There are 2 protein chains.
Amino acid sequence: MDPTLYVILDRVAARGRDLDEILAATLEGGCRMVQLREKEWPSGRLLPLAERLGGRCRRAGVTFIVNDRVDLAVAVGADGVHLGQDDLPPRAARPLLRPGMILGRSTHTLVQATRARDEAVDYVAVGSMFETATKPDFELAGPDLLRRIRPLTPLPLVGIGGITHANVGDVIRAGADGVAVISAVCGAPDPAAATRRLLAAIREARDLTARTRRL
Amino acid sequence: MDPTLYVILDRVAARGRDLDEILAATLEGGCRMVQLREKEWPSGRLLPLAERLGGRCRRAGVTFIVNDRVDLAVAVGADGVHLGQDDLPPRAARPLLRPGMILGRSTHTLVQATRARDEAVDYVAVGSMFETATKPDFELAGPDLLRRIRPLTPLPLVGIGGITHANVGDVIRAGADGVAVISAVCGAPDPAAATRRLLAAIREARDLTARTRRL
């Protein structure tokens, strides 16, 4: 699992564009972790799409995560499942997963992040970092929340919410191991170029952080 | 599994009344099989309700089925899951179930019912029997569809859709092993009395069918 740039594929954010094509583009751009997020379609309709996107990730050696639906994640052989605060809690979801499957959790407060750590999740998403229209359960936390969570856990921390190539540096410098984006790739005119630009900005911030630590 | 009277608990059909109380009443009235059907709540919110209703059924020795969400069904230790035509197909759902769990399937046509039989489901729901406002995916099939499916499978057949104590006899005489109801119990002023009245009408129709066969 390499959460450096965790691209969330969302049909609504893609505004009618084909998720298969966006996936192909972001993989070409260097993304190594992908999530399928679909809040409206019934699972029977979602199944063939999830199988197709998951298959493409598997062939590319890229981690494929399904949002919310644990049953769908297991059914399509995904690498893991991502659970929001309204989804099944990890204690209920973990026994349903195959051994080695990844369980990620969204958190918006210090209390939620501490609880996620104690529930033995595999990574913690922290958000929202910035203002965003994509998430209806939006709670502005800012990079400062990440900075406060960082000393409490060695788990991979992923910043989420309103992240662009212009502000991703703040999130990395706050201690994130990676960032999750929806609109910044799904809504970009050129998702491959957007992926490359985000990765370049992340690497730059990491280099700067490493150099600062050495000084 | 006794699908004679299969009561579906649905928050919308209950119009604000407590599902715990409706469950207690229908069990008191003699119902032996229950389904929890919730199309709107996220699974994290549904989990405690499903655990509570499932626990009550278990203590009463009554079969408890969860609609649609295979993960939730397994998580709460339900006896089975019911899958509509838009939900995960049985081939994808079966491997997720614990051994011995019941898998039921909604069907609205002869083709769907034949397919369900070939997918090794444990019971087949056939509907809609009559006009109803509860199901948005309503397709009027009538007791005649049940009559045509009956010779094709020994699986338990459950009529569903618009069934009341006044018309349940037609469904039983068409070959149903039982009937599933939503409004007839969830929407009844006295769910225990409604359950008893439905069961009496089913028994009467069964006796009549048996007597006719003997003549």
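Residues numbered from 1 in each chain as written. Chains lettered and ligands numbered in written order. Predicted model: local features only at pLDDT ≥ 70, side-chain atom pairs only at ≥ 80, totals over all residues.

Next up on the list: the pairing of strand β3 (residues 63–67) of chain A. Residue and element names in this part refer to chain A. Burial of β3 is extensive: five of the five residues sit out of reach of the surface. In β3, alternate side chains face the same way, and those of Thr-63, Ile-65 and Asn-67 on one face and Phe-64 and Val-66 on the other are all buried. One ladder, built from four bridges, connects strand β2 (residues 33–37) with β3; its direction is parallel. Bridge assignment links Leu-36 to a residue of β3, and that residue is Val-66. In this region the chain leaves β2, passes through helix α2 (residues 43–60) and returns to the parallel neighbour β3; the handedness of that crossover is right-handed. Two strands pair when backbone bridges link them, and β3 and strand β4 (residues 80–83) are joined in this way by three bridges, in the parallel orientation. Of the residues in β4, the one forming a bridge with Val-66 is Val-81. Handedness of the crossover joining β3 and β4 through helix α3 (residues 70–75) is recorded here as right-handed. (Buried ≥ 20, exposed ≤ 12 C-beta atoms within 10 Å, placed from the backbone. Helix = DSSP H or I, 4+ residues; strand = E, 2+ residues; numbered from the N terminus. Pairing = 2+ DSSP bridges. Right-handed = clockwise from strand over helix to strand, strands pointing away.)

What follows concerns the interface of chain B and chain A. Taken together, the contact pairs 17 residues of chain B with 17 residues of chain A. Looking at the side of chain B that touches chain A, the elements that each hand over two or more residues are α2 (43–60) and α3 (70–75) of chain B. The residue inventory of the side of chain B that touches chain A, partitioned by class, reads nine nonpolar, three polar and five charged. (Contact = placed C-beta atoms within 7 Å. Nonpolar A, V, L, I, M, F, W, Y, C, P; charged D, E, K, R; others polar.)

It is worth spelling out the packing of helix α1 (residues 19–29) of chain B against α2(B) at this point. Two packed helices can be described by the angle between their axes and the distance between those axes. All names here are of chain B. The contact between α1 and α2 brings their axes to 10 Å, and the two run at 15°. The angle between the axes of α1 and α2 places the two elements in the roughly parallel class. Here α1 runs over α2; the crossing is right-handed. Contacts from Leu-19, Asp-20, Leu-23 and Leu-27 of α1 reach α2 at Leu-49, Arg-52, Leu-53, Arg-56 and Ala-60. (Axes fitted to C-alpha atoms, helices over the stretch in contact; angles between N-to-C directions. Parallel < 35°, antiparallel > 145°, perpendicular 65-115°, else oblique. Left-handed = near helix turned anticlockwise from the far one by under 90°.)

Our next topic: α2(B). Taking 1.5 Å of rise per residue, the 18 residues of α2(B) would be expected to cover 26 Å, and the 25 Å separating its terminal C-alpha atoms lies within 8% of that figure. Among the residues of α2(B), Ser43(B), Leu46(B), Leu47(B), Ala50(B), Leu53(B), Gly54(B) and Cys57(B) are the ones counted as buried. Here the buried face of α2(B) lies against α4 (90–93) of chain A together with β1 (5–10), α1, β2 (33–37), β3 (63–67) and α3 of chain B. Looking one or two residues past α2(B), Gly61(B) carries a phi angle of roughly 70°, positive in sign. (Expected span 1.5 Å × (residues − 1).)

On to unusual backbone geometry. All names here are of chain A. Here the residue pair Gly-127 and Ser-128 is connected by a cis peptide bond, since its omega of 0° sits within 30 degrees of zero. With respect to the helices and strands, the residue Ser-128 is situated in the loop between β6 (123–127) and α6 (142–149). Unusually for a residue other than glycine, Asp-68 sits at a positive phi of about 70°. With respect to the helices, strands and loops of the structure, Asp-68 is situated in the loop between β3 and α3. Overall, the presence of 23 C-beta atoms within 10 Å leaves Asp-68 in the buried class.

After a rotation of 180° and a shift along the axis of 0.0 Å, chain B superposes on chain A with an RMSD of 0.0 Å. Such a turn and shift between the copies fits a two-fold axis. No C-alpha of chain B approaches the rotation axis more nearly than that of Asp71(B), which lies at 2.4 Å. Mapped onto chain A, 100% of the interface residues of chain B are again interface residues, and the two copies thus contact each other with one and the same surface. (Least-squares fit on C-alpha atoms with pLDDT ≥ 70 in both.)

In this section: the confidence of the model for chain A. This prediction gives chain A a mean pLDDT of 95; 97% of its residues lie at or above 70. Reported confidences for the modelled complex are a pTM of 0.94 and an ipTM of 0.90. (pLDDT = per-residue confidence, 0-100.)

Here we come to the pairing of β1(B). Residues and elements named next belong to chain B. With respect to burial, β1 is a largely interior element, six of its six residues being buried. Residues of β1 alternate between two faces, with Leu-5, Val-7 and Leu-9 on one and Tyr-6, Ile-8 and Asp-10 on the opposite face, all of them buried. Where β1 and β2 come together, five bridges link them in parallel fashion. Following the sheet pairing, Val-7 is matched in β2 by Val-34. The β-α-β motif built from β1, the intervening α1 and the parallel element β2 has right-handed crossover chirality.

Next up on the list: the environment of Arg59(B). Position of Arg59(B) among the secondary structure elements: in helix α2. Distance in space between the C-alpha atoms of Arg59(B) and Val181(B) is 22 Å, their sequence separation being 122 residues.

Here we take up the environment of Gln112(B). Residues and elements named next belong to chain B. Within the secondary structure, Gln-112 is located in helix α5 (residues 110–118). In this structure the C-alpha to C-alpha distance between Gln-112 and Leu-53, which are 59 residues apart in sequence, comes to 30 Å. Setting aside chain neighbours within four positions, we find Gln-112 in contact with Gln-85 and Thr-107.

Time to look at the environment of Asp190(A). Among the secondary structure elements, Asp190(A) is positioned in the loop between α8 (183–186) and α9 (191–214). With 148 residues separating them in the primary sequence, Asp190(A) and Pro42(A) have C-alpha atoms 29 Å apart.

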